[in-house]
Each structure stands twice: as structure tokens, then as C-alpha cells.
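Now for the letters of each chain:
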Amino acid sequence: MCRILKIITTLLALLAHAGAMADEISVPAWKLAVASGRGVLENPLAGRGKQETFLLPAFSYYGERFFISNLTAGYNLVEEDSFYIDLVARPNEDGLYYLAGDVRVVSLTSLLGLDPYGGDNEPIKVERNVSIVAGPNATLVTDPVDISFSYFHDITGVHNGSETHLSFNKRYRLFGGAISWGLGVVNKDADLVDYYYRLRDTEMGFNSSLWFNQPEQDDVTDHYTRLSYAYPLTKNVELRLAAKYNRFDMDGRHAQLMEKSETLSWFVGIQYSIGSEQ
Amino acid sequence: MKTRLSCLLLALCVSNAGNAAELRVTPSLCAINDDDSRCDIPVKVLFSSDDPARFCLSISGRGLIRCFDGGAARELQLYVSAEEDVLFRVTEEVSGKDVATASLKVARYRPKRHRRHYGWGLL
């Protein structure tokens, strides 16, 4: 992972010499795109490996005020040259990790039949729902970097938790294409972490190992780095590369539920798009 | 050499001054919202020429508006309804030769928005 960080740092240093793009869209505009290629989505939850994908769809719509960008919908309250404020709603990312099916947590002691309480040898099934979080986002737009701050709260009553984002993003021209990067810090409060990353008493049953590893209820602070590059081949076709590296704070998370403290997801492919957005 | 160049420029100026004709359209730009189908606007057309010949004002692609005598400034108030740029032209009535042109530009206003950085979440 250190090597990946070094590569990303080198790329970011290279970008200092590239020109920032006037990243604006004349509205109304929409774009529907499908990328075909190969990618890997790494899931940090227990028992989840790397999920391979061959398609990556994308959709965006920007109206006078309302916009959709993939899974995010928003309403623009203020739009100036140097900053904008939106009200945003989006699915919480932790819930998405559970979408690929139930998570099965295996306890080593019970697997080996060493549980002093005679716990069940069967792996336990953990199910969690996807929540929609919503709230304000404020972004300061400058030449070298856009700085965003968001506060989102669960509006679906799934966990009643909230998350706070601070991120740095920018898109530049590079080698005839466009490269965009993002660095972010996300704080998730104890209610959210408790719902997604601590086990219920009923789930742990009499399994001492699961009880032993149950963390104190606490908030977490995760980090991510995102990098993508698009190189136009024709008017509607472009080469697309995207990668996202996540580093998770494991302190408030049950070690047998959340196996990986780092994940790397990526996609490389050819994207075909239609729409009025350029 | 300098004197010759000055004489040449002076000669051009005098020659131009003899046939000076000017056509102005005010305003020269009509800005409409992207969802508006056309620009509807009153415009002032001002033509001036030292030549006392008869001239005709027309809109390119639409036809004749009016003919009038030159030698004095002429001002017309028109109401324009157009989807695209409108080209006004003044021609000599007898020869049909172009004397002056001016245009009313129709510009569609499309507000701009910063591109958002909300990704897929997982990628």
C-alpha cells in the first residue's frame, strides 16, 4: 500500500505542472455513459473478497438547480464563481458494502470447537440496511484545489447517525485528457458505526470470541484517495481509468465483521457516452 | 517615403469619405434564455450616407423593409422576432450593390454550474 501512496503522491506532484480546468457545465445538461473493461471492487467486510466487474455505468444531470451525479442527488442553494452550497442526498457507503449479500462472521474458537460456552459452530449471518444520508455541502473553488465540507444525517431512520466529510478535489488537463483526484477524510459518528460495525447481542449469542472482540461504541475517521483519468478517443468514446484507495479506522469496528483496514478498488476500460454534457 | 505613405492614406480617407455609409443596429445583441424559442425585441436601425442616391434596407433572407433617399441620416424603429442572428443590409436601389451591413446577434444564455465531485462512493 505504501507503494501505491508513493505513486499517487508522484502523480499529484506531476499535476502541479498541469493546468487546472475550468470545470463548468452549461445547464441543463445530461450524460449517460457505460464503460466496458475490467475492474475490481474490494469490500472490507468479513468473507468478502474482491468483486470483479466488467461494466461501470455513470449518469449525470445538471439542471438550473437540481442535479444528479451517479448515486447522489442534490439541490443547489448558492452558486458563485468561487464557491457553491448544495443540499445533497446519497446512499451511505457503509450500507452499500452489505448490498452484495449477507455477511457471515466466523469465529475461530467456535470453528475449532474451543468456545468454553459451547457456542454454535455455524458462521453467524449479519444483515444491515442501506441508509440515505442527506445534508448541506459547501465547496470553495480555487485554481489549485476545490475544498468541500459536508454534513450528512440519516434521513431514513436506519441508524439515525451522521457523517462529516472534508475533501480536496480537482480536475486537470494532462496529456490531452483530463485527470481528476480527490483526498478525503470522513468522520462517522457512534450511532452509524454502532449500526454497521458492532454486532447485536442476538448475533453474538454465546460466542465468547465475538463478545471479546466487540469494540466500545465510538466514532471512526476514515481516509480515502481517489484518482481517475479520461482520454478522449472520439467524440463519444474515451479511455477511462479510475482507482480509489480507502483506509479505515478500525477502532470502533468489530474485527471479525470488518476484516480489512485498507481497500483498493479500480477500473480500466473504454467508455461510451451520450448526452449534452461535454 | 513617409510623405508618400501619408499622401496615400489621405487619398484613401478622402475617397472613403466621399462614399461614407454607415449602418447601425441598437441594441446589437439579444440575449434569451435557453428554453426561449425566439428573441422578440424592438431595435433602432440608423443609416447615414453622404451619397444622395436611393437606398433600400432589407433583412437577409427575409426581404425588403423600406427604400429611402440618401444624403441624410435615416432612423427606423423595427420590431424583430428571430430565432437566429439577423443581418440587416443596405443596398443601392438601382445597382443592388451592398453599401453597408449590420447584424443583431441572438445569444442563448445558459447558466453555468461547477461540476460536482460526488463519485460512485465505492469507486
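Scroll up to find the structure.
Residues numbered from 1 in each chain as written. Chains lettered and ligands numbered in written order. Predicted model: local features only at pLDDT ≥ 70, side-chain atom pairs only at ≥ 80, totals over all residues.

**Describing the overall build of chain A**
Here is step 1 of the chain: Secondary structure assignment for chain A yields six helices and 15 strands.
Here is step 2 of the chain: With 278 residues in all, chain A has 33% of them scored as buried.
Here is step 3 of the chain: A sequence separation of at least 24 residues applies to 63% of the contacts in chain A between residues at least 6 apart. (Helix = DSSP H or I, 4+ residues; strand = E, 2+ residues; numbered from the N terminus. Buried ≥ 20, exposed ≤ 12 C-beta atoms within 10 Å, placed from the backbone. Contact = placed C-beta atoms within 7 Å.)

**Quick word on the overall build of chain B**
Here is step 1 of the chain: Per the secondary structure count, chain B includes one helix and nine strands.
Here is step 2 of the chain: Along its sequence from the N terminus, chain B presents helices and strands in the succession α-β-β-β-β-β-β-β-β-β.
Here is step 3 of the chain: The 123 residues of chain B split such that 18% are buried.
Here is step 4 of the chain: For chain B, long-range pairs separated by at least 24 residues make up 59% of all intrachain contacts whose partners lie at least 6 apart in sequence.

**Some words on the interface of chain A and chain B**
Often, the extent of an interface is quoted as the loss of accessible area on bringing the components together.
Here is step 1 of the chain: Contacts between the two partners involve 31 residues from chain A, matched on the other side by 14 residues from chain B.
Here is step 2 of the chain: Counting only elements with at least two residues in the side of chain A that touches chain B, the list comes to strand E1 (24-26), strand E4 (66-69), strand E5 (72-79), strand E6 (83-91), helix H2 (93-97), strand E10 (146-154), strand E14 (237-247) and strand E15 (262-275) of chain A.
Here is step 3 of the chain: No other element matches the four residues that E5 of chain A contributes to the side of chain A that touches chain B.
Here is step 4 of the chain: Residue composition of the side of chain A that touches chain B, grouped by class: twelve nonpolar, ten polar and nine charged.
Here is step 5 of the chain: Pairing between E1 of chain A and strand E9 (residues 112-114) of chain B: three bridges, direction antiparallel. Across the sheet, residue Ser 26 of chain A finds its bridge partner in E9 of chain B, namely Lys 112 of chain B. (Nonpolar A, V, L, I, M, F, W, Y, C, P; charged D, E, K, R; others polar. Pairing = 2+ DSSP bridges.)

**Looking at the environment of Phe 54 of chain A**
Residue and element names in this part refer to chain A.
Here is step 1 of the chain: Inspection of the secondary structure assignment puts Phe 54 in strand E3 (residues 50-62).
Here is step 2 of the chain: In this structure Phe 54 comes out as exposed when scored by C-beta crowding, with 11 C-beta atoms within 10 Å.
Here is step 3 of the chain: Spatially, the C-alpha atoms of Phe 54 and Leu 41 are 11 Å apart, while their sequence positions differ by 13 residues.
Here is step 4 of the chain: Look past the residues within four positions of Phe 54 in its chain and what remains in contact with it is Ser 36, Gly 37 and Arg 38.

**Digging into the environment of Asp 35 of chain B**
Here is step 1 of the chain: Tracing the chain through its elements places Asp 35 of chain B in the loop between strand E2 (29-33) and strand E3 (39-49).
Here is step 2 of the chain: Residues Asp 35 of chain B and Phe 88 of chain B, spaced 53 residues apart in sequence, show a C-alpha to C-alpha distance of 26 Å.

**Quick word on the sheet that holds E6 of chain A**
Residue and element names in this part refer to chain A.
Here is step 1 of the chain: The twelve strands are arranged E2-E3-E4-E5-E6-E9-E10-E11-E12-E13-E14-E15 in a closed barrel whose pairing can be described as antiparallel. Each neighbouring strand pair of the sheet contributes to a mean axis angle of 20 degrees, computed without reference to strand direction.
Here is step 2 of the chain: Bridge analysis of strand E2 (residues 29-42) against E3 gives twelve bridges, and the strand direction is antiparallel. Bridge pairing in E3 links Glu 42 to Lys 50. (Axes fitted to C-alpha atoms, helices over the stretch in contact; angles between N-to-C directions.)

**Topic: the nonpolar core**
Residue and element names in this part refer to chain A.
Here is step 1 of the chain: Judged by nonpolar contacts, the single largest core of 18 residues is most densely connected at Val 126 and Leu 257.
Here is step 2 of the chain: Listing elements by their share of this core, those giving two or more residues are strand E7 (103-105), strand E8 (124-126) and helix H4 (190-197).
Here is step 3 of the chain: The dominant element in this core, judged by the number of residues it contributes, is H4, at five residues.
Here is step 4 of the chain: Discounting chain neighbours no more than four positions away, the residues touching Leu 257 are Leu 45, Ala 46, Val 103, Val 105, Val 126, Tyr 197 and Leu 199.
Here is step 5 of the chain: Ala 35, Leu 56, Ala 242 and Phe 267 belong to the second largest nonpolar core, which has twelve residues in total. (Core = buried A, V, L, I, M, F, W, Y, C linked by C-beta atoms within 7 Å.)

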